[in-house]
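Observations on the model geometry
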Amino acid sequence: MPALIATDYTAEVTWLGVVTTMDREELLSEVRDALDLRFDGIAGSVHGGLTRASCSRVKTQYPKGTEIRNERQLSIVSEEELAVIAGTMGVDALDPARLGASMVIRGIRDFSHVPPSSRLQAPSGATVAIDMLNQPCQFPAKSLRHVLGDPAKGFKPAAEGHRGVTAWVAREGRVAVGDILTLHIPGQRHWQPHG
């Protein structure tokens with residue numbers, strides 16, 4: 001029996017980008033029509049690499065700066081959830097480039113909460129493995145402040161539970177705007193820690 005099950009859920013890639021500089025005041029992805037995904041991430045991305053230095057997100061597991069597997073090669077968000085965040089903030093729309101996003105998709109409901117270890121597979125065979133929910137942080141808010149002003153301060157609370165996911169490249173290949181990705185999920189029951 002396969003460990004990952006192909007579902008009928010699909011999503012269209014509507015936007016692609018790559019962060020090429022580490023300016024924390026002006027977090028900004030460069031817009032692309034297509035991305036070449038490699039085992040070490042997106043070519044030219046500052047978030048690339050097979051490994052990375054651990055950060056505050058995993059401080060209960062490792063001292064800060066420990067070399068660990070890079071499970072944060074991509075940041076994937078959904079159009080639907082970006083609209084929820086924008087609405088909560090009281091703005092018309094959010095530019096995914098200012099969120100440091102790698103990919104925006106449309107079509108999978110409650111995308112930020114798809115099961116960890118799920119896969120999104122492109123027609124080329126390129127596949128990304130979803131690590132987990134991407135927690136909101138202050139860097140997108142700082143970048144959004146350049147274009148939104150004071151409403152940008154509301155980004156972090158508005159994005160809670162809607163920030164998308166982090167992912168890493170499971171199979172190399174090309175992903176382009178307009179591609180239809182298929183969702184594959186782990187074949188397991190929901191975890192029940194008690195009883």
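In this report, the structure presented in the accompanying data block is examined. (Residues numbered from 1 in each chain as written. Predicted model: local features only at pLDDT ≥ 70, side-chain atom pairs only at ≥ 80, totals over all residues. Heavy atoms only, no water.)

**Focus: the pairing of strand 13 (residues 180-186)**
One ladder, built from six bridges, connects strand 1 (residues 4-19) with strand 13; its direction is antiparallel. Across the sheet, T10 pairs through a bridge with T182, a residue of strand 13. In this sheet, strand 13 lies alongside strand 9 (residues 119-121) in antiparallel orientation, the contact comprising three bridges. Of the residues in strand 13, the one forming a bridge with R119 is H184. (Pairing = 2+ DSSP bridges. Helix = DSSP H or I, 4+ residues; strand = E, 2+ residues; numbered from the N terminus.)

**Some remarks on the layout of surface pockets**
Approximately 220 Å³ is the volume attributed to the second largest pocket. Along its surface, the second largest pocket is lined by 14 residues, and R52, V58, E71, D131 and M132 are the ones closest to its centre. Mapped by element, the contributors of at least two residues to the lining of the second largest pocket are strand 6 (67-69) and strand 10 (127-133). Considering every element that reaches the lining of the second largest pocket, the biggest residue donor is strand 10, with three residues. Tallied by class, residues from the lining of the second largest pocket come to five nonpolar, three polar and six charged. (1 Å grid on protein atoms, 1.4 Å probe; cavity = no way out; pocket = protein on both sides within 12 Å on 5 of 7 lines; lining within 4 Å. Points joined across faces, edges and corners; volume = space filled by probe spheres on them. Nonpolar A, V, L, I, M, F, W, Y, C, P; charged D, E, K, R; others polar.)

**Quick notes on the sheet that holds strand 12 (residues 173-176)**
In spatial order, the strands read 4-3-12; together these three strands make up an open sheet with antiparallel pairing. Every other strand in the sheet has two partners, leaving strand 4 (41-42) and strand 12 as the edge strands with one partner each. Pairing analysis gives four bridges linking strand 3 (residues 34-38) to strand 12, with the strands arranged antiparallel. By the bridge assignment, L37 is partnered in strand 12 with G173.

**Re the packing of aromatic side chains**
In this structure the tally under the stated criterion is zero aromatic pairs. Positioned over the ring face of W168 is R69, at 4.8 Å from the centre of the ring. (Phe/Tyr/Trp six-rings, centres within 6.5 Å; stacked < 30°, edge-to-face > 60°. Lys NZ or Arg CZ within 6 Å of the ring centre and 35° of its normal.)

**A few points about the nonpolar core**
Among the nonpolar cores identified, the biggest contains 25 residues, and L37, L74, I76, M103, F111 and L120 are the most heavily contacted of them. Broken down by secondary-structure element, the contributors of at least two residues to this core are strand 1, strand 3, strand 7 (74-78), strand 8 (103-106), strand 10, strand 11 (165-171) and strand 13. With four residues, strand 1 is the single largest residue contributor to this core. For M103, the contacting residues outside a window of four places in its chain are V13, W15, L16, L74, S75, I76, V77, V175 and L181. W15, V77, L82 and A86 belong to the second-largest nonpolar core, a separate cluster that totals 18 residues. (Core = buried A, V, L, I, M, F, W, Y, C linked by side-chain atoms within 4.5 Å. Buried < 20%, exposed > 50% of the residue type's maximum accessible area, 1.4 Å probe, protein only. Contact = heavy atoms within 4.5 Å.)

**Details of helix 1 (residues 79-89)**
Of the residues making up helix 1, those classed as buried are E81, L82, I85, A86 and M89. All buried residues of helix 1 project into a common sector of 140° when viewed along the axis, lining one side. Facing away from the buried side of helix 1, by more than 90 degrees, are the exposed residues A83, G87 and T88. Packing partners of the buried residues in helix 1 comprise strand 7, strand 8, helix 2 (138-148) and helix 3 (155-159). Taken from the residues just after helix 1, G90 is the one with a positive phi, measuring 80°. (Arc of directions from axis to C-beta.)

**Quick notes on the environment of A159**
Summarising the element assignment, A159 is placed in helix 3. Distance in space between the C-alpha atoms of A159 and A83 is 10 Å, their sequence separation being 76 residues. Look past the residues within four positions of A159 in its chain and what remains in contact with it is I85 and P136.

**As for empty space enclosed by the protein**
In total, this model carries one cavity of 30 Å³ or more according to the counting rule given. Estimated volume of the largest cavity: approximately 30 Å³. For the lining of the largest cavity, the residue count by class is eight nonpolar, one polar and no charged.

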